Amino acid sequence: MARSAVAVVVGFTKREGLLPKSFAPLRALKAAGILDRILYVTWDRPDLDPWVADAAAMTDVELVRIPEPHVEGLPYRKKHFYQTHNIAEALKLVDGDDTLVLKTRPDVVFDPNFLAGKIRAFDF
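> Can you explain the pairing of strand S1 (residues 5–10)? Please cite residues and give values.
Counted residue by residue, S1 has 6 buried out of 6 residues, so it is predominantly covered. In S1, alternate side chains face the same way, and those of Ala 5, Ala 7 and Val 9 on one face and Val 6, Val 8 and Val 10 on the other are all buried. Two strands pair when backbone bridges link them, and S1 and strand S4 (residues 100–104) are joined in this way by 5 bridges, in the parallel orientation. In the sheet register, Val 6 faces S4, and the bridge partner there is Val 101. The parallel pair S1 and strand S2 (residues 37–43) is bridged by helix H1 (residues 18–31), and the resulting crossover is right-handed.

Written out as structure tokens, the structure reads:
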């Protein structure tokens, strides 16, 4: 790999069993040395504890809980603000200006071979 690669996962999902499935390809890529880190940034609300417990148990995932920002307005505005706020917080944790960052959510499941090919070929 030509450069450091970090997966940044933001948000949360309340769909039973989805979080471990979404992290599985990322964890496989980290184990293979394709990803250097997996950061999971989500809110520190206690009611979300059951929904992030699986990630908290993953020793290869860096779980970062941040305060939920107060946002007013229409739902689409709130969703956009939450996503941009969380990615901004996550990017503060990424070292190096040349680091490749994959931003995703815990409700997205990637094909690990497809993603590995994209990361390996990024500079080409």
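> I'd like to hear about the pattern of salt bridges, residue by residue, with values.
Evaluated as defined, the whole model comprises 8 salt bridges. Asp 98 is paired through a salt bridge with Arg 3; the nearest N and O atoms lie 3.0 Å apart. Of this pair, Asp 98 sits in the loop between helix H3 (75–91) and S4 while Arg 3 sits in the segment before S1, and the two are 95 residues apart along the sequence. Residue classification places Arg 3 among the partly exposed residues on the basis of a relative accessible area of 21%. Note that Glu 68 and Arg 45 form a salt bridge whose closest N and O atoms lie 2.9 Å from each other. Highlighted residues: Glu 68 in the loop between strand S3 (62–66) and H3 and Arg 45 in the loop between S2 and helix H2 (49–56), separated in sequence by 23 residues.

Quick notes on the rules
Residues numbered from 1 in each chain as written. Predicted model: local features only at pLDDT ≥ 70, side-chain atom pairs only at ≥ 80, totals over all residues. Heavy atoms only, no water. Buried < 20%, exposed > 50% of the residue type's maximum accessible area, 1.4 Å probe, protein only. Helix = DSSP H or I, 4+ residues; strand = E, 2+ residues; numbered from the N terminus. Pairing = 2+ DSSP bridges. Right-handed = clockwise from strand over helix to strand, strands pointing away. Salt bridge = Lys/Arg side-chain N within 4 Å of Asp/Glu carboxyl O.

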